[in-house]
Amino acid sequence: MKKTLLKLKSVDNSILKVLYNGLKFCLILALFSTFILSIYHTVHNPDIFYIGISLFKSTLFFAVFFVICAIAIDTTKKDVER
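Owing to the predicted nature of the structure, the values given are computational and were not obtained by experimental measurement.

*Asks:* Would you mind showing me how to read the packing of helix α2 (residues 13–43) against helix α3 (residues 46–81) here?
*Replies:* How two helices pack is summed up by the angle between their axes together with the distance between the axes. The geometry of α2 relative to α3 is characterised by a closest axis approach of 8 Å and an angle of 170° between their N-to-C directions. Relative to α3, the element α2 lies roughly antiparallel. By residue class, the composition of the contact of α2 with α3 is 25 nonpolar, five polar and two charged.

As structure tokens, then:
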């Protein structure tokens, strides 16, 4: 875990900008999926529940994807510069 955090601290600024924008997008999607799940409590339609849960799972996947890709691209960029 410490290695991952150290790698994220040493990432290039342009890559960090893309990472932060991607995580902001994931936050917006997570809030939207939470809103859909809160609608489920009033309507009790199973389709709304599955839409909300699927969107929330996708949001978590995208967030992890952005972090992993930022580390991979930064590592590749540093290897090419050497």
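Next, the rest of the story.
*Asks:* Please clarify how a nonpolar patch on the surface should be interpreted in this entry.
*Replies:* Taken together, the side chains of F61, F62 and F65 make up a nonpolar region of the molecular surface, amounting to roughly 320 Å² of accessible area. Inspection of the secondary structure puts F65 in helix α3.

*Asks:* Looking at this structure, how should I read the side chain of T59?
*Replies:* One can find T59 in helix α3. Overall, the relative accessible area of 4% leaves T59 in the buried class. Ignoring any residue separated from it by four or fewer positions in sequence, one finds T59 in contact with C26, L29 and A30.

Cut-offs applied
- Residues numbered from 1 in each chain as written.
- Predicted model: local features only at pLDDT ≥ 70, side-chain atom pairs only at ≥ 80, totals over all residues.
- Heavy atoms only, no water.
- Axes fitted to C-alpha atoms, helices over the stretch in contact; angles between N-to-C directions.
- Helix = DSSP H or I, 4+ residues; strand = E, 2+ residues; numbered from the N terminus.
- Parallel < 35°, antiparallel > 145°, perpendicular 65-115°, else oblique.
- Nonpolar A, V, L, I, M, F, W, Y, C, P; charged D, E, K, R; others polar.
- Patch = residues over 30% accessible without salt bridge, like charges linked within 9 Å, V, L, I, M, F, W, Y side chains within 5 Å.
- Areas by Shrake-Rupley, 256 points an atom, 1.4 Å probe, with all protein chains shown as cover.
- Salt bridge = Lys/Arg side-chain N within 4 Å of Asp/Glu carboxyl O.
- Buried < 20%, exposed > 50% of the residue type's maximum accessible area, 1.4 Å probe, protein only.
- Contact = heavy atoms within 4.5 Å.

Fair warning: the whole summary comes from geometry, so function is off the table for now.
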